[in-house]
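Summary of the model geometry
One letter stands for each residue in the lines below.
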Amino acid sequence: MKGFVDEETCIGCGLCPSICPEIFEMDNETGKAIAKDIEIADDTLEDAKDAEEQCPVEAIDIK
Ligand code: F3S
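Attention in this report is confined to the structure presented alongside it. Bear in mind the structure is a predicted one, so any value in this text is a computation, not a measurement.

So, how was this worked out
- Residues numbered from 1 in each chain as written.
- Predicted model: local features only at pLDDT ≥ 70, side-chain atom pairs only at ≥ 80, totals over all residues.
- Heavy atoms only, no water.
- Near = heavy atom within 4 Å.
- 1 Å grid on protein atoms, 1.4 Å probe; cavity = no way out; pocket = protein on both sides within 12 Å on 5 of 7 lines; lining within 4 Å.
- Sits in = over half its atoms within 2 Å of the grid points.
- Nonpolar A, V, L, I, M, F, W, Y, C, P; charged D, E, K, R; others polar.
- Core = buried A, V, L, I, M, F, W, Y, C linked by side-chain atoms within 4.5 Å.
- Buried < 20%, exposed > 50% of the residue type's maximum accessible area, 1.4 Å probe, protein only.
- Helix = DSSP H or I, 4+ residues; strand = E, 2+ residues; numbered from the N terminus.
- Contact = heavy atoms within 4.5 Å.
- Phe/Tyr/Trp six-rings, centres within 6.5 Å; stacked < 30°, edge-to-face > 60°.
- Lys NZ or Arg CZ within 6 Å of the ring centre and 35° of its normal.
- Salt bridge = Lys/Arg side-chain N within 4 Å of Asp/Glu carboxyl O.

As a further point, take the site of the ligand. Within the structure, the ligand sits among Cys10, Ile11, Gly12, Cys13, Gly14, Leu15, Cys16, Ala33, Cys55, Val57 and Ile60. Using a 2 Å cut-off from the grid points, one finds that the ligand occupies the largest cavity. Of the residues assigned to the shell around the ligand, the class counts are 9 nonpolar, 2 polar and no charged.

Encoded structure:
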């Protein structure tokens with residue numbers, strides 16, 4: 001599984017990297033979140049899913 005951020009939808013609230021920094025980080029140029037292009041480790045999946053659930057604009061997909 002990987003994380004994906006819809007950059008059009010993200011409002012740059014910064015929540016996802018605070019919940020799951022292993023996968024999400026802020027792009028300093030756009031001010032939006034980006035998901036690292038890496039397979040999500042088993043022990044990180046719960047945090048990644050938390051970020052997906054808690055994103056206020058539902059910009060995150062874990063699949
Ligand atoms: Fe953006 Fe949602 Fe993360 S608004 S910064 S993708 S929690």
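Continuing now.
Here the focus is the nonpolar core. Buried together is how nonpolar side chains tend to be arranged in soluble globular proteins. Counting residues in hydrophobic clusters, the biggest one holds 15 residues, and the most contacted among them are Val5, Cys16, Cys20, Phe24, Ala51, Ile60 and Ile62. Elements supplying a minimum of two residues to this core: helix H1 (15–19), helix H2 (42–54) and strand E4 (60–62). What cysteine 20 contacts, discounting residues up to four positions off in sequence, is Thr44, Asp47 and Ala48.

Any two aromatic rings considered together are summarised by their centre-to-centre distance and by the angle between their planes. Per the counting criterion, the structure on display carries 0 aromatic pairs. For lysine 63, the ring lying beneath its charged end belongs to phenylalanine 4, and the centroid distance is 5.2 Å.

What follows covers the pattern of salt bridges. Throughout the structure, instances matching the rule amount to 2 salt bridges. Its salt-bridge partner being aspartate 37, residue lysine 2 comes within 2.9 Å of it at the nearest N-O pair. Pair noted here: lysine 2 is in the segment before strand E1 (3–5) and aspartate 37 is in the loop between strand E3 (33–35) and H2, with a separation of 35 residues, a long-range link. Among the residues examined, lysine 2 registers a relative accessible area of 26% and is labelled partly exposed. A salt bridge links aspartate 61 to lysine 63; the nearest nitrogen and oxygen atoms lie 3.7 Å apart.

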